[in-house]
Amino acid sequence: MDKLDLQSRVKTARPIAKLREGRTDWYRIENSAEGAATVHVYDEIGYFGVTAQDFVRDLQGISADRIELHLNSPGGDVFDGIAIMNALRQHKAQVTVTVDGLAASIASVIAMAGDRVVMARNSQMMIHEASGLSIGNASDMRQMADLLDKVSGNIASVYAERAGGDVEEWRTRMRAETWYSADEAVEAGLADEVHAAPDKSADNTWDLSIYNFAGRAQAPDPVIPAVEPEPAPVAPTPPQFDAEAFVAAMKGAFK
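Residues numbered from 1 in each chain as written. Predicted model: local features only at pLDDT ≥ 70, side-chain atom pairs only at ≥ 80, totals over all residues. Heavy atoms only, no water.

(A) How the structure looks around the overall build of the chain. Scanning the chain from terminus to terminus reveals 8 helices and 8 strands. Looking at the chain as a whole, 42% of its 255 residues are labelled buried. The contacts in the chain between residues at least 6 apart in sequence include a share of 70% that link residues at least 24 apart. For the chain, the exposed surface amounts to about 14,600 Å²; the carbon and sulfur share of it is 52%. (Helix = DSSP H or I, 4+ residues; strand = E, 2+ residues; numbered from the N terminus. Buried < 20%, exposed > 50% of the residue type's maximum accessible area, 1.4 Å probe, protein only. Contact = heavy atoms within 4.5 Å. Areas by Shrake-Rupley, 256 points an atom, 1.4 Å probe, with all protein chains shown as cover.)

Laid out in structure tokens, this is it:
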């Protein structure tokens, strides 16, 4: 793999020749004094797409009580994604996130900001461990590994908070690079429903070869823990009336 190909694979899901070639970050916010504000994030997260700085600045201009966020992203910069998630959580509006096409990597974390998360029909979600580059000596590499573990643990806690389970369970799924179909994301607890309307979801055009699996069709089935049914309540057993003891007690009372 030459240097140019390495850069394109580790930094972005878009071919490197198309980076910042007169383009602007592709997202759109439509504010509304009445009803819901609509936000579209159809790009990578971070420098090569939607930056947290730009997104949060524009989000602050939304005065609506409801935000409908439409998401189609292969992920990107972890800390930009966490900042976007927290900005959405802290906004006064009720947030509904709809995954129109793909919510992969840190974009799946942004999806967790929704008070309600909806998967469009045929959409996908992917979770995996944080990754990065480090240049330096062995000590630098160890520090980078420790940092990636902390970041991945932090991300796992976001999934666990929404879907249940513990951090280590979600780290196991992240290490496997787990891809969910729309129905599987709901079954796993990462989303609340699959949109029942006729499918108009966005087609994926990202270069998913940067991941271990190029989409849900190439990935193994996700491990989804079985939900144990709650035991049926057992009615308390009524006390048995002991006639002999009652008679004996009464005789003693009237001596």
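(B) Structural detail: helix α3 (residues 78–90). If you check α3, its first and last C-alpha atoms are 18 Å apart, about what 13 residues at 1.5 Å a residue would give, namely 18 Å. Looking at α3, one finds that the buried residues are Val-78, Asp-80, Gly-81, Ile-82, Ile-84, Met-85, Ala-87 and Leu-88. Structurally, α3 contributes buried residues whose contacts are with α2 (52–59), β3 (66–73), β4 (94–104), α4 (106–111) and α5 (138–163). At the N-terminal end of α3, a side-chain oxygen is found 3.1 Å from the backbone nitrogen of Phe-79, two or three residues along, and the residue is Asp-77. (Expected span 1.5 Å × (residues − 1). Polar contact = N/O pair within 3.5 Å; in protein donor to acceptor, adjacent residues only side chain to side chain.)

(C) Expanded view of the environment of Ala-219. Positionally, Ala-219 belongs in the loop between β8 (193–194) and α8 (243–253). Sequence separation between Ala-219 and Glu-177 is 42 residues, and the spatial gap between their C-alpha atoms is 8.4 Å.

(D) Representation of the environment of Asp-100 in the model. Residue placement: Asp-100 occurs in strand β4. Judged by relative accessible area, Asp-100 falls into the buried class, the value being 10%. Each C-alpha atom, one on Asp-100 and one on Leu-71, is 5.7 Å from the other, the two residues being 29 residues apart in sequence.

(E) Quick look at unusual backbone geometry. Phi is positive for Asn-122, close to 75°, though the residue is something other than glycine. Checked against the element boundaries, Asn-122 lands in the loop between β5 (116–119) and β6 (124–127). A residue is classified by how much of its surface remains accessible, and Asn-122, at 60% relative accessible area, is exposed. Even without a glycine there, the phi angle at Glu-177 is positive, about 50°. Considering the arrangement of structural elements, one finds Glu-177 in the loop between α6 (167–175) and β7 (178–181). Taking the relative accessible area as the measure of exposure, Glu-177 reaches 5% and is therefore buried.

(F) Highlighting α5. Compared with the 38 Å implied by 1.5 Å per residue over 26 residues, the 37 Å span of α5 between its first and last C-alpha is a close match. The complete set of buried residues in α5 reads Met-144, Val-151, Ser-152, Gly-153, Ile-155, Ala-156, Val-158, Tyr-159 and Ala-160. Among the structural elements, α3, α4, β6 and α6 are those in contact with the buried residues of α5. With its phi angle positive at about 90°, Gly-164 sits one or two positions after the end of α5.

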